[in-house]
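If you want the building blocks of each chain, they are given just below.
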Amino acid sequence: MKPLSFYMTKLSAGIILLLTCSLDCVAADYYVNDFGAVGDGHIDDAASIQLAIDSCSRAGGGSVVFLSGQTYLSGPIHLKSNVDLHFQPNSVLLANPDETIYTESAFRANRGEGMMWISGDNLHNISISGTGRIDGNGVAFMGRELDDSYELKPVTDFDPRPHILTLVNTENIRINGVTIANSAYWTVHLVGCRDVAISDISLLNNLKIRNGDGIDVDHSRKVRISNCYIESGDDCICLKNRREFEEYGPCEDIVVTNCVMTSRSCAVKIGSENMDSINRVLFDNCIITDSNRGIGIQNRDEGTVTDVTFSNMIVDCHLFSDVWWGKSEPIYVTSYPRAVGNHKDAGWRFPKDAIKGKCGEVSDIRFHNISSTSENGIFLGCDAPGKIHDITIDNVTLKLVKTTGWPGGVYDRRPCDGVGFVASPTYGIYIENIEDLTLRDFTVKASDFPGYAGLCNAEVK
């Protein structure tokens, strides 16, 4: 039998280990209220939240916690490496509506397309988790409400509307479970990011707010978006290569699965800003409902789009007013030079150093097993023969049904140099300058649809 001192030593070691573990666990959680946040929805808690984030990162990382049932009004905050923003149930982080406090541009020297609210640059190991809400307070930054949208306040070279989340050159990002809502501009913008997983979030923007994109994947790689519900006035998920961040290279290796989306513009869009290449992309098992345009590739700059698959999708489109780009095209693949008017009338809208009159190739695009209901047909078009080639439409069904009072008989090329709208009878597919188009098991159901003119406006090889 061992002496009593042996067991006392073991017990003391166990207590010390337990205390050490408990202290570590406590140290890993940084409650914003402990750093001075009030959480009453009226006092700006940005300084307290920033202190919690800075302290958490300095200590090696952990969770910055927002408490259940509290609303934290906040101006701009900056994320730091190894920090998880954790939202307990029914907690809210609310953007301060004071436009004067948003001074950091979301696009560097280009200050005409919004500022940043929650942001980070050159980071690693960033996460946002929980079941609370991040609210951009979008309507507070709008002009008067119209029938189909909100009026935008006049801007020249400065637009104070805040983007909700902007991450630049950040690696290992995880966003899970939270609700992100009511953005005044873009919602989640990933620039030059790598190894990103966004899952099980609800992204609920006001459908009347223009420029209210959902998730913008910009010059980023190895991105997975899954099991999300997205409502957005502008594009729900958009892949692009903005000129302001050209040093980060192509946008590639993107997978989007099991998402449900609604948009007044284009639910799934590739482009229109693309000065590099977008390739190796898969959208699978998604539903698009009550949208203006369904699936869109909208190339308007010298960049290219290649090796993209859309499969196993349900697409439901309707016509909306001309405020929104699109004319109820369930599938839309285009490459036209960017509108010169965007440069003449508002120089900041035409990207610096953009090559006027030039737009790149789109090739090796596949649509497989897609069921669509719409007020218009598929549109495939470019400005020069062969610029778009190797397109496959396989096992795609289009049901044409008139569901709104908006007039049809038109396709939308905007933003492009030249004619923006193409007046035409409604075809199952309207093609312009496309080469190597493969149609396999394509069906159009159009009984009694007004203006229906047939399967295609041209012979398909």
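None of the values given here were measured: they were computed from a predicted structure. (Residues numbered from 1 in each chain as written. Predicted model: local features only at pLDDT ≥ 70, side-chain atom pairs only at ≥ 80, totals over all residues. Heavy atoms only, no water.)

(A) Highlighting the environment of Asp195. Within the element layout of this structure, Asp195 appears in strand E16 (residues 194–199). Judged by relative accessible area, Asp195 falls into the partly exposed class, the value being 25%. For Asp195 and Asn176, which are 19 residues apart along the polypeptide, the C-alpha to C-alpha distance reads 14 Å. If we skip the residues at most four places from it in the chain, Asp195 touches Asn172, Ile173, Arg174, Arg221, Lys222 and Arg224. (Helix = DSSP H or I, 4+ residues; strand = E, 2+ residues; numbered from the N terminus. Buried < 20%, exposed > 50% of the residue type's maximum accessible area, 1.4 Å probe, protein only. Contact = heavy atoms within 4.5 Å.)

(B) Focus on the pairing of strand E9 (residues 110–121). Counting buried positions along E9 yields ten of twelve residues, so the element is predominantly enclosed. Relative to E9, strand E5 (residues 77–78) runs parallel, the two sharing two bridges. Pairing of Ile77 across the sheet is with Ile118, part of E9. Taken together, strand E8 (residues 105–107) and the strand that follows it, E9, pair antiparallel across an intervening segment of two residues, in which Arg108 is found at a positive phi of about 55°. Alignment of E9 against strand E12 (residues 162–168), held across six bridges, turns out to be parallel. Across the sheet, the residue bridging to Met116 is His163, located in E12. (Pairing = 2+ DSSP bridges.)

(C) Examining the nonpolar core more closely. Among the nonpolar cores identified, the biggest contains 99 residues, and Phe310 and Phe367 are the most heavily contacted of them. Ignoring anything within four residues of it in the chain, the contact list for Phe310 reads Val268, Ile270, Phe283, Ile295, Ile297, Ile365, Arg366, Phe367, His368 and Ile370. Core analysis: the next-biggest nonpolar cluster, separate from the first, contains nine residues, Ala106, Phe107, Met116 and Tyr185 among them. (Core = buried A, V, L, I, M, F, W, Y, C linked by side-chain atoms within 4.5 Å.)

(D) Spotlight on the packing of aromatic side chains. Tallying each qualifying case throughout the model produces 13 aromatic pairs. Centroid distance Phe107 to Phe245: 6.3 Å. Interplanar angle 50°. Geometry classified as tilted. Placement of Phe107 in strand E8 and of Phe245 in the loop between strand E21 (237–241) and strand E22 (251–257) is noted, with a sequence separation of 138 residues between them. Across this residue pair, the class does not change: Phe107 and Phe245 are buried. Arranged with centres 5.1 Å apart and planes meeting at 35°, the rings of Tyr411 and Tyr430 form a pair that is tilted. One end of the pair, Tyr411, is in strand E32 (residues 410–412); the other, Tyr430, is in strand E34 (residues 426–432), and 19 residues separate them in sequence. The same class applies to Tyr411 and to Tyr430, which are both buried. A cation over a ring is seen here: Arg242 above Phe107, with NZ or CZ 3.8 Å from the ring centre. (Phe/Tyr/Trp six-rings, centres within 6.5 Å; stacked < 30°, edge-to-face > 60°. Lys NZ or Arg CZ within 6 Å of the ring centre and 35° of its normal.)

(E) Region of the structure containing helix H2 (residues 46–58). Here H2 is 13 residues long and its end C-alpha atoms lie 18 Å apart, about the 18 Å a rise of 1.5 Å per residue gives. Of all the positions in H2, only Ala46, Ser48, Ile49, Gln50, Ala52, Ile53, Ser55 and Cys56 are classed as buried. One or two residues past the end of H2 sits Gly60, with phi positive at roughly 110°. (Expected span 1.5 Å × (residues − 1).)

(F) Summary view of the pattern of salt bridges. Evaluation of the coordinates by the stated rule reveals 31 salt bridges. Of the charged contacts in the structure, one is a salt bridge between Lys208 and Glu145, with a shortest N-O distance of 2.9 Å. In this pair, Lys208 is assigned in the loop between strand E17 (202–204) and strand E18 (215–218) and Glu145 in the loop between strand E11 (133–135) and E12, connecting sequence segments 63 residues apart. Here Lys208 falls in the partly exposed class, since its relative accessible area comes to 22%. For Glu273, the salt bridge identified is with Arg242, shortest N-O distance 2.5 Å. (Salt bridge = Lys/Arg side-chain N within 4 Å of Asp/Glu carboxyl O.)

(G) Looking closely at the pairing of E12. The buried fraction of E12 amounts to seven of the seven residues, a majority that puts the element mostly inside the structure. One ladder, built from four bridges, connects E12 with strand E15 (residues 188–191); its direction is parallel. Paired with Leu167 across the two strands is Leu190, which belongs to E15.

(H) Seen up close, the side chain of Asp412. Tracing the backbone shows Asp412 in strand E32. Of the polar contacts made by the side chain of Asp412, one reaches the side chain of Arg414; its length is 2.8 Å. (Polar contact = N/O pair within 3.5 Å; in protein donor to acceptor, adjacent residues only side chain to side chain.)

(I) Fine view of the environment of Gly120. Relative to the helices and strands, Gly120 resides in strand E9. For Gly120, a relative accessible area of 10% puts it in the buried group. When the C-alpha positions of Gly120 and Gly143 are compared, they lie 29 Å apart, and in sequence the two are 23 residues distant. The contacts of Gly120, once residues within four sequence positions are left out, are Leu79, Thr166, Leu167, Val168 and Thr170.

(J) Here's a closer look at the side chain of His163. Locating His163 in the fold gives a position in strand E12. From its side chain, His163 meets the backbone oxygen of Glu113 in a polar contact 2.8 Å long. Setting aside residues up to four positions removed in sequence, His163 forms contacts with Ala106, Phe107, Glu113, Gly114, Met115, Met116, Trp117, Ile118, Tyr185 and Trp186.

(K) Unusual backbone geometry, seen in detail. The omega torsion of the bond from Gly271 to Ser272 falls at 0°, within 30 degrees of zero and hence cis. Examined against the element boundaries, Ser272 turns out to sit in strand E24 (residues 266–274). The phi dihedral of His219 falls on the positive side, at around 55°, and the residue is not glycine. For His219, the location among the structural elements is in the loop between E18 and strand E19 (221–226). A positive phi angle is found at Asn312, which is not glycine, with a value near 55°. For Asn312, the location among the structural elements is in strand E27 (residues 304–317).

Shape is all these values report; function is a separate question.
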